[in-house]
Amino acid sequence: MEWNVVDLGNGVAKLAVSGRMDVQGALAIDPVFNQLAAEKPNLIVDMSNVSFLASLGVRTLVMSAKTLSAKGGHFVLFGLQPAVQKVLTISGLNAMIPSVPDQAAAEALVAK
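Please read all numbers here as calculations on a predicted model, not as lab measurements.

Caption draft 1: Structural detail: the sheet that holds strand E1 (residues 2-9). Judged by pairing direction, the sheet is mixed, and its five strands sit side by side in the order E1-E2-E3-E4-E5 without closing on themselves. For this open sheet the edge positions go to E1 and strand E5 (99-100), each flanked by a neighbour on one side alone. As paired elements, strand E4 (residues 74-78) and E5 share two bridges and run parallel to each other. Paired with Leu77 across the two strands is Ser99, which belongs to E5. Against the sheet, helix H3 (residues 82-91) makes contact with strand E3 (42-53), E4 and E5, and its axis sits at roughly 110° relative to E3, the strand it touches most.

Caption draft 2: Spatial organisation of the pattern of salt bridges. Overall, the coordinates contain three salt bridges when judged by the stated rule. Across the pair Asp7 and Lys40 runs a salt bridge whose closest N-O atoms are separated by 2.8 Å. Pair noted here: Asp7 is in strand E1 and Lys40 is in the loop between helix H1 (23-39) and E3, with a separation of 33 residues, a long-range link. A salt bridge links Arg20 to Asp22; its shortest N-O distance comes to 3.6 Å. With relative accessibility at 42%, the residue Arg20 sits in the partly exposed group.

Caption draft 3: Highlighting the side chain of Asn42. As for its position among the elements, Asn42 is in strand E3. Classification of Asn42 by relative accessible area gives buried; the value is 10%. Residues in contact with Asn42, not counting those within four places in the same chain, are Asn10, Gly11, Val12, Ala13, Leu68, Gly73, His74 and Val110.

Caption draft 4: Representation of the pairing of E4 within the structure. E4 sits mainly inside the fold: four of its five residues count as buried. As defined by bridge partners, E3 adjoins E4 across five bridges and the pair is classed as parallel. Paired with Ile44 across the bridge in E4 is Val76. Crossover connection from E3 via helix H2 (residues 55-70) to parallel E4: handedness right-handed. Traced from E4 through H3 to E5, the parallel crossover comes out right-handed.

Caption draft 5: Highlighting the pairing of E3. The sheet contact formed by strand E2 (residues 12-21) and E3 spans nine bridges and is parallel. Bridge pairing links Arg20 to Phe52 in E3.

Caption draft 6: Looking closely at unusual backbone geometry. You will see that Asn10, though not glycine, has its phi angle at about 55°, which is positive. In this structure, Asn10 sits in the loop between E1 and E2.

The rules behind each value
- Residues numbered from 1 in each chain as written.
- Predicted model: local features only at pLDDT ≥ 70, side-chain atom pairs only at ≥ 80, totals over all residues.
- Heavy atoms only, no water.
- Pairing = 2+ DSSP bridges.
- Helix = DSSP H or I, 4+ residues; strand = E, 2+ residues; numbered from the N terminus.
- Contact = heavy atoms within 4.5 Å.
- Axes fitted to C-alpha atoms, helices over the stretch in contact; angles between N-to-C directions.
- Salt bridge = Lys/Arg side-chain N within 4 Å of Asp/Glu carboxyl O.
- Buried < 20%, exposed > 50% of the residue type's maximum accessible area, 1.4 Å probe, protein only.
- Right-handed = clockwise from strand over helix to strand, strands pointing away.

Take a look at the structure:
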C-alpha cells in the first residue's frame, strides 16, 4: 500500500492511496488515516488506484469518517473503482461516507 498526502489549504488534506486495502494494506494505512483525521478538519481521499477493499479497510474508512464528523469536519472519497464502490454500496456505507467522481467535486463538497 502506497500513499501521498497533500495539504490543499483551508484545513483540507488530500490523501491519495494506491494498492489493495486488504488486511495488510489496511494495517499499513490505518495510522495515516488516524493522524490526518486527528490533525485536519477535512479530508478528501483519492481512491482511484485502490483495486480492493476488505472489511478491515472499511473499518479504517468508517473510523476516520466518524472522527471527522464528531469535530464537524468532512470526509469524502473520490475516484472509486467499481469493485470498491460495490463494497461501500453493499455494506450501506455509501449513505455514511460521501463519494464523488473527482477531486474538484470532493473539494466543493468539503467547502460547504
